[in-house]
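Architecture and fold: a report
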Amino acid sequence: MAAPCEVSAPVPGRRGVAAFPPVALSPEAAPFTPLGDGPELHGPELHGSELDAASHAEQQFSRCARRLAGLRAESCQLREEVNQLFDQLLAENYNKTYDNCSNIRPEDVCILLKHATSLVPLTQEHLVIKFCQLVHHLLNQLKVIMDEQTLHVLVNYTATALKQCSTWTHTDVLLALSTVVYGNGPQCHQLVGDVLGEEGVVLQYSSPSQPNMELRRVALTCMANICLRIPGQPPLDDQYRSVCFTVFLKTLQSPRPPNTDELFYCLVVQAALKGLQHCFSAGKWKFGSGEELGSVLAALKRFMFQGAPGMTAEWPTVLYPTPLPQYEGVPAPKPAEPPKSSEPPKDAAVAGKNSGNKKRKSKGKGKKTKTEGNKVDDGEEEAPASQRGGEGGKEEADTLPKTTASFLYPSWRLNSSDSEYSDPEGNAQSKLRLNHARVRQGALHCMLAAVKAVEKRALYGYWSSFIPDFPTGGAPPLTLLTIILKDPSPKVRLCALPVLSAILDGSRQFLAVAEDTASPRTSYTPFSFTLATAVRELHRGLSLALLAETSPHTLTQVVKCLAFLVSNAPYHRLRPGLLSQLWKHIRPYVRHRDVNVRVSILTLYGSLVTTQAPLPEVQLLLKQPDDAGSGGNSGSFTPQDSSSLSWRHRNGAASPARKPASKQSSCSHSPHRPHTPVEEARAPPWLLQLCVSLVTQPREEHSDGEGAGGGAALEPPPVRLEALQVLSHLVRGYFSLTQTSLCEIGQMCARCLREADSSIQLHAAKLLEEFGTGTILQYRTENNIPESSRVPISQVVQFWTEVLSGPLNGALQNELHPTLQASACDALASILPQAFAQLPDKTQLMCVTVLLGLTYTESYVVKTAAVRALGVYILFPCLREDVMFVADTANIILAALDDRSTNVRAKAAWSLGNLTDTLIINMQSVGVDFQEEFSDMLLLKMLQAATRASADKDRVKSNAVRALGNLLHFLRQTQMTRSVFQQPLEDAVRALVKTVQSEATMKVRWNACYALGNAFRNPALPLESATWSRDAFSSLCHVITSCKNFKVRIKSAAALAVPARRGCYGDTEQFGCVWRSLATALENSEDTNDFLEFRYSASLRHTLVQALLHMLSLSRPEDLPTLGASLAGEQGRDIKVHVVKYLREEEEGGEEADQDRERERDGCPPQQKLGGLQQTCIRLKELQAEGEGREQEEGKAIVINFLEDLLKTCEES
């Protein structure tokens, strides 16, 4: 291996040249990131000397480039001149610390490097090494993105050098190659095939059998850079990615070679981890053998604890998917290998130090309260903080069992001596500790990429390897919580939190089975209890981390991880108490000095009031008085130093929602704690008061980094926005607790809508929409909320009168922010219909006029919201009987149905469906007068537009067919006989038939079946004579026997039971076809491969029996032979069984009845059903007077015997 080559010192006498120390140009240099701008671009303003240095670097590059361009391969002193120029170029620092260096154009660098390849023959190996160092130096520091020609030239040069040059040069050549191929792997097909083939140089050097660790590390780095995928580019071919993956995994699984320095081994592992991360980051990963994923996770878990103090374990080579605890344990601590020096390593310190050392540590308290965010080194370890006198940490420790509290408390806070990390140590020990921390970081970064690349379902079986799932009674297993709580490096702890968040994200379905409300079993542990224990351990571990951490960045990640946990855990199936403890722990942090911490805490509050809302435990927490949970002790807010607490608490108030008395309005609630039960019941939730104060009240002092002066400055925008979002979640989930603050929230929204910040206006409009929606839900009949518990109509009217008096109008007219306009339209659509009717006439007119006008805007977002709002208004009782408003709305909707945007057309179709619902309601309530007053031509346009929309995308089609059914129901006899209506009428029915028979989504077919049944309700529809009638019945018969979706079958059966006259079913053949289809569907009503469909089987049988009895009641003598043949055989016995069950039902069964927009008929008691059956039997007997043939007589006898047998069976029961 080549000796480390250092850059020549700057030439003496250069004016303004910064004296850079010699830099070893080796693979240890920082990795090349061509797309990264780096934080240096935003640095402070340059001083004169820095400008001179930057200017000199640019001048030196230009001078050397010109001289190199003038050299030719035949020059006599070529070697000396090239060597000198290379030294001068390598001596400069081209990092983009200075803006002037950005004047070095990438194309100039590419020209220089391409020309240099012609000046350096491969026989001059020392020059080859310097050239390779120069390639790495320039491309890395100047972040050059090469053109294709330069890439091709450099790749060919370095690849040829690997073949022709001596082995001792390969380290530098591979370093240059790894820089060149960074993110360019897919573009280097020939090179990749050469270096990663069976005899490839990179593949050989990266093998675990390679003795030269430096060469092996550079080869692994080169392989990792080949695998890197730049966003927007295709990934590396799966063939080569699989080869690299195998090498990386074997490297991680291989033990450290004997007589190999630990530091070099760490560097090799870091390169392998980075390569494995790049493999995962290229896209979803498909594992080969069954144990491959387990092998990767086992290797990553091992290196997550590499070099961690006191962490010794026997690591398995494979992790197996199982809900049971894994078999790695924490045996008695023993050194992995004998120490290399007489002095024991400082890393061996564990948490079990005596208390005497802790007291000696307290003298460093003043220096150790600095945040971890100020530290520089990746592996820098946080000095242990002394135990503070505050009550926060003590209170948490008291909540844990005595046997486990000290073990679980973060060991990096319990360590006892400054000398462990601050005393001077040997450089080797310091570097080793630093690289061990980087290995752990790399393993966690790789684990994060693996979690994102692997399907969630595949990872569920490995949860027990990374998340504790049994209560801690002794030494806990080594999991991610162990790293979060015990790793001495703050950056490693910070890396572990996103991994845990990624695992928890999207795990709601997996955790849904967790339950521990039942009494524990002694014989075995159910899987549901195991998952519940994992949730509890996560709560306990993350709460400890929350109390222990001081870095704002780490605190933010802890809170985000808690938010993921809260959003996915099924607290309604767990014993209460988890959220109460968490509520108490996070409450003080709303006053934290750091803005990001405050925002993340509000996000967590949003998750708390969103999860399974309304949750009884959260409901109780919201009802607590202001000072509940803080113990009334001003010293118990956080376990951190009081200097990290905020400006909001320094006045001694216990409530963060404290408001000055002078600011109280007539609608505001007192910030003081209620003294009577009545006051407590009426007081708004503490969280609501907090969020309102954060949005409206000025902060009393500036927090860190927020500037100074200004006096009455409000909270930073992120805090205010998050507070508004929490209010929206709170109103949505716990409206009954927030409705007492209707006036206060209305005033706050009005104030926010008057502000200049469009984001604040947007969230205020969304909050108005949530409040309006909550009021509408209260007044829905099916919710059965007593009148005394609802918001009085008068308050709702006052609320909207104030909002519509000006603040919301400005948002509606703000054309610069279409999203704000759309949210304002949604807010208008959430007005309670009863309250809208009591608004002043001018206010009503303003709402309607604005919405009609906004449908002409060019923004599809605004147009979509306005069309939807009109679809809501068309159902308002005070507007739906206004023929002019209905006509105006219809014309707007018809125009929107032809819009280019699918979103606009989808909402227009939905609004058209609502409009046609209004037509049916008016037809039933107002009568023929409304039908006659409504324009025939407008009705024809609506019918034609709905027919065209039924051929659109499924999102549009589902409501278009609903509208068609209503329109066919609404048409009068006089309209159907007109020639202008006949063809559109036939087109509309055939469109429904085509949709029923299509392969569209089940919702579309469900609506189409419902629409046909709706059309059959129109007695004027010519079902007896129309040519399309047979097709309509045939499509429903086909669906009822063949569709896999039971809900579609239910609707088709209900449609077949609608016609009220026998003639509507057509001739005897068609009548018999409908009967046989219904009987066959009843016989197969339990045949399904989908368990989710089985729950609808009872409702399907109920509807089918109802349709069969309806057809029996309408049957004619010529139908009786077909009916008798069906009832006489095995099919008849099956029908009898189901009919008996139907007749004995106390009330209409099935879940479908609750989901229909209109409940189906026949919700009658059994006696009424039996009465209808008796009437049918009597009617059939009276048919004897007619002249019937022999077949009819036999069929009638079978049918009558069937009905009498049914009646007898029901009477006996």
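Source: prediction; values computed, not measured. The numbers attached to residues start from 1 for each chain and follow its sequence in the written order. Local features in this predicted model are restricted to residues whose pLDDT is 70 or higher, and side-chain atom pairs enter the listing and the counts only when it is 80 or higher, whereas totals over whole chains, interfaces and linings include all residues. Side-chain numbers here rest on the full set of heavy atoms in the structure, without hydrogens or water.

What follows concerns the overall build of the protein. Helix numbering and strand numbering both begin at the N terminus, where a helix is a DSSP run of H or I of at least 4 residues and a strand a DSSP run of E of at least 2. When you go through the protein residue by residue, the secondary structure sums to 60 helices and 0 strands. Working rule for contacts: check all heavy atoms of both residues, and any pair within 4.5 Å makes them a contact. Taking the contacts inside the protein whose residues are at least 6 apart along the sequence as the reference set, 75% of them involve residues at least 24 apart.

Positionally, Leu-175 belongs in helix α6 (residues 170-180). Exposure categories follow from relative accessible area, calculated using a 1.4 Å probe and restricted to protein chains: below 20% of the type maximum is buried, above 50% is exposed, and the middle band is partly exposed. By relative accessible area, which is 5% here, Leu-175 ends up buried.

Once that is clear, we can look at the side chain of Thr-918. The residue Thr-918 is located in helix α44 (residues 902-925) in this model. Note on Thr-918: relative accessible area 0%, which makes it buried. Those residues in contact with Thr-918, other than ones at most four positions away along the chain, are Ile-874, Leu-875 and Arg-880.

This part takes up the pattern of salt bridges. The term salt bridge refers to a side-chain nitrogen of Lys or Arg lying within 4 Å of a carboxyl oxygen of Asp or Glu. Counting across every chain of the model gives 33 salt bridges. Note that Asp-899 is salt-bridged to Lys-863, the shortest N-O span being 2.8 Å. Of the two residues, Asp-899 is situated in the loop between α43 (883-896) and α44 and Lys-863 in helix α41 (residues 860-873); the sequence distance between them amounts to 36 residues. Taking the shortest distance from any N to any O, the salt bridge between Glu-1118 and Arg-1116 comes out at 3.9 Å. The class for Glu-1118 is partly exposed, based on a relative accessible area of 31%. Residue class for Arg-1116 comes out partly exposed when judged on its relative accessible area of 35%. Taken together, the salt bridges that share partners define one network made up of Arg-105, Glu-107 and Asp-108.

Before going further, it helps to spend a moment on helix α52 (residues 1046-1056). Counting buried residues in α52 gives 10 out of 11 residues, a clear majority hidden from the surface. Along α52, the positions that sit buried rather than exposed are Phe-1046, Val-1048, Arg-1049, Ile-1050, Lys-1051, Ser-1052, Ala-1053, Ala-1054, Ala-1055 and Leu-1056.

Turning our attention to unusual backbone geometry. The residue after Ala-613, namely Pro-614, is reached through a cis peptide bond having omega -5°. Inspection of the secondary structure assignment puts Pro-614 in the loop between α28 (595-610) and α29 (616-623). One non-glycine residue, Asn-259, adopts positive backbone phi at about 60°. Along the chain, Asn-259 falls in the loop between α10 (238-253) and α11 (262-281). According to the relative accessible area criterion, Asn-259 is exposed, its value standing at 85%.

Turning our attention to the state of the cysteines. Disulfides are defined as cysteine sulfur pairs within 2.5 Å. Using the criterion set out here, one finds 0 disulfides in the structure. A disulfide-free cysteine, Cys-227 has its sulfur positioned 3.5 Å from the sulfur of Cys-244, the nearest such atom.

Stacked, edge-to-face and tilted labels apply to pairs of Phe, Tyr and Trp rings (six-membered ring for Trp) whose centres lie within 6.5 Å, assigned for plane angles under 30 degrees, over 60, and everything in between, in that order. In total, this model carries 23 aromatic pairs according to the counting rule given. Ring centres of Phe-799 and Trp-800 lie 5.2 Å apart, and the angle between their planes is 85°; this geometry places the pair in the edge-to-face category. Comparing Phe-799 with Trp-800 shows no difference in burial state: the two are buried. Taken together, the ring pairs connect Tyr-460, Trp-463, Phe-510 and Phe-527 into an aromatic cluster. Criterion for a charge above a ring: Lys NZ or Arg CZ within 6 Å of the ring centre, and within 35 degrees of the ring normal. The side chain of Lys-907 reaches across the aromatic face of Trp-910, ending 5.9 Å from its centre.

Here we come to the packing of α11 against helix α19 (residues 427-453). Where α11 meets α19, the axes come as close as 9 Å, and the angle between the chain directions of the two elements is 15°. Compared by their axis directions, α11 and α19 come out roughly parallel. In this structure, α11 crosses over α19, and the sense of that crossing is left-handed. Amino acids outside the nonpolar list (Ala, Val, Leu, Ile, Met, Phe, Trp, Tyr, Cys, Pro) and the charged list (Asp, Glu, Lys, Arg) are all regarded as polar, and Gly is one of them. Among the residues forming the contact of α11 with α19, the class breakdown is 14 nonpolar, 7 polar and 3 charged. Angular values range over 0 to 180 degrees, each being the angle between N-to-C directions of two axes fitted as lines to C-alpha atoms, with helices fitted over their stretch in contact. Roughly parallel here means an angle under 35 degrees, roughly antiparallel means over 145, roughly perpendicular means 65 to 115, and every remaining angle is called oblique. Should the near helix be turned counterclockwise from the far one by less than a right angle, the crossing is left-handed, whereas a clockwise turn marks it as right-handed.

All right, on to the confidence of the model for the protein then. The predicted coordinates ought not to be read in detail in places where the model reports low pLDDT. Here the protein shows a mean pLDDT of 79. Residues at 70 or above account for 77%. The predictor's confidence in any single residue is recorded as pLDDT, a number from 0 to 100. Of all the helices and strands in the protein, helix α13 (residues 355-361) carries the lowest mean pLDDT, 38, while α41 carries the highest, 96. Counted against residues more than four places away or in other chains, residues 1-51, with its pLDDT under 50, gives 76 contacts. Across residues 323-409, where pLDDT falls below 50, the model places 161 contacts with residues more than four positions away in sequence or in other chains.

With that settled, consider helix α35 (residues 758-778). In a regular helix each residue adds 1.5 Å, so 21 residues correspond to 30 Å; α35 covers 30 Å between its end C-alpha atoms and thus fits that length. Of all 21 residues making up α35, 15 are buried, and the element is well covered by its neighbours. Identification of polar contacts relies on pairs of N or O atoms within 3.5 Å, with a donor-acceptor requirement for protein atoms, meaning one able to donate a hydrogen and the other able to accept it, and with residues adjacent in sequence counted only if both atoms are side-chain atoms. If you check the start of α35, you find a side-chain oxygen 3.0 Å away from the backbone N of Ser-759, and it comes from Asp-757. Here a helix's expected span is defined as the number of its residues, less one, multiplied by 1.5 Å.

Among the structural elements, Ala-545 can be located in helix α25 (residues 527-548). Between the C-alpha atoms of Ala-545 and Ile-484, which are 61 residues apart in sequence, the distance is 6.9 Å. Setting aside residues up to four positions removed in sequence, Ala-545 forms contacts with Ile-484, Leu-485 and Val-558.

As a further point, take the packing of helix α23 (residues 490-504) against helix α26 (residues 552-568). Following both chains from N to C, one finds α23 and α26 inclined at 15°, their axes separated by 9 Å at the closest point. The orientation of α23 with respect to α26, classified from their angle, is roughly parallel. Handedness of the α23/α26 crossing: left-handed. On α26, the residues touching Leu-494, Leu-497, Pro-498, Leu-500, Ser-501 and Leu-504 of α23 are His-553, Thr-554, Gln-557, Val-558, Lys-560, Cys-561, Phe-564, Leu-565 and Asn-568. For the contact of α23 with α26, the per-class residue count stands at 9 nonpolar, 5 polar and 1 charged.

Now for the environment of Asp-469. Considering the arrangement of structural elements, one finds Asp-469 in the loop between α21 (463-466) and α22 (480-486). For Asp-469, a relative accessible area of 10% corresponds to the buried category. Residues Asp-469 and Val-535, 66 residues apart in the sequence, show an inter-C-alpha distance of 7.8 Å.

Here we take up the side chain of Ser-501. Topologically, Ser-501 is positioned in helix α23. Judged by its relative accessible area of 6%, Ser-501 is buried. Those residues in contact with Ser-501 that sit more than four places away from it in its chain are Lys-560, Cys-561 and Phe-564.

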